[in-house]
Amino acid sequence: MMTFLVYLLVFLILATAVYGAWSAAPWLPTRSKDVKRMVKLANIKPGERFYDLGCGDGRSVFAAAKEGAEAIGIEVFILPYLYAVIKSLFQKRTKILFGDLFNYDLRGADVIFIFLMNKSYQKLAKKFEEELKPGARVITSCWPIDGWEDKLVKEDKPTDRDLPLYLYQI
């Protein structure tokens with residue numbers, strides 16, 4: 001019985017890691033300095049609803065909550081999800097959800113952060129256009145959203161060593 005549980009746990013870890021990597025991106029934590037830049041670029045106001053799609057260990061969720069946002073992270077890879085859930089028990093205004101980020105309703109979002117593979121951006125762009133309210137802000141890391149040039153407010157790349165961040169407004 002114990003062997004079965006170990007195999008089941010290993011399968012669950014591997015399956016969620018592979019699914020997350022295949023559907024949106026492998027888990028790669030956002031660097032702390034990039035989280036700080038994202039928070040500054042987002043200009044998060046107290047009471048706003050912030051989402052991190054593919055939140056990993058939740059570091060941007062917790063940073064947004066410190067700015068007064070109701071911060072929600074969505075993650076499919078079980079290991080960083082569990083870590084973020086445990087950490088969220090000690091953080092106010094945070095919620096970590098498990099599941100496929102494409103299946104959640106984002107209608108209440110004021111700010112969305114994504115650090116995913118650019119292959120998922122077009123699918124998300126369509127979802128954002130359908131669900132987000134006027135004025136909602138979307139921040140992407142590394143890649144711009146094709147076809148959203150008219151929504152681009154600012155590109156932030158302080159040095160050649162920094163990843164670019166793109167701020168869009170619906």
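Look above for the structure.
Now for a description of the structure that goes with this document. Everything numeric here is computed off the predicted structure, so don't read it as measured data. (Residues numbered from 1 in each chain as written. Predicted model: local features only at pLDDT ≥ 70, side-chain atom pairs only at ≥ 80, totals over all residues. Heavy atoms only, no water.)

### Focus on the packing of aromatic side chains
The way to describe two aromatic rings as a pair is by their centre distance and the angle between their planes. Following the criterion strictly, the structure yields 4 aromatic pairs and no others. Seen from their ring centres, Y121 and W143 are 6.4 Å apart, and the 75° between their planes marks the pair as edge-to-face. Taken together, the residues Y121 in helix α5 (residues 121–131) and W143 in the loop between β5 (137–141) and β6 (152–156) connect sequence positions 22 residues apart. Three or more aromatic residues joined by ring pairs form one cluster here, namely F128, W148 and Y168. (Phe/Tyr/Trp six-rings, centres within 6.5 Å; stacked < 30°, edge-to-face > 60°. Helix = DSSP H or I, 4+ residues; strand = E, 2+ residues; numbered from the N terminus.)

### Some points on unusual backbone geometry
Here the phi dihedral of N43 falls at roughly 50°; this positive angle occurs in a residue that is not glycine. With respect to the element layout, N43 can be found in the loop between α2 (32–42) and β1 (49–53). We classify N43 as partly exposed; its relative accessible area is 48%. The phi torsion at C142 lies on the positive side, around 85°, for a residue other than glycine. Residue classification places C142 among the buried positions, given a relative accessible area of 16%. (Buried < 20%, exposed > 50% of the residue type's maximum accessible area, 1.4 Å probe, protein only.)

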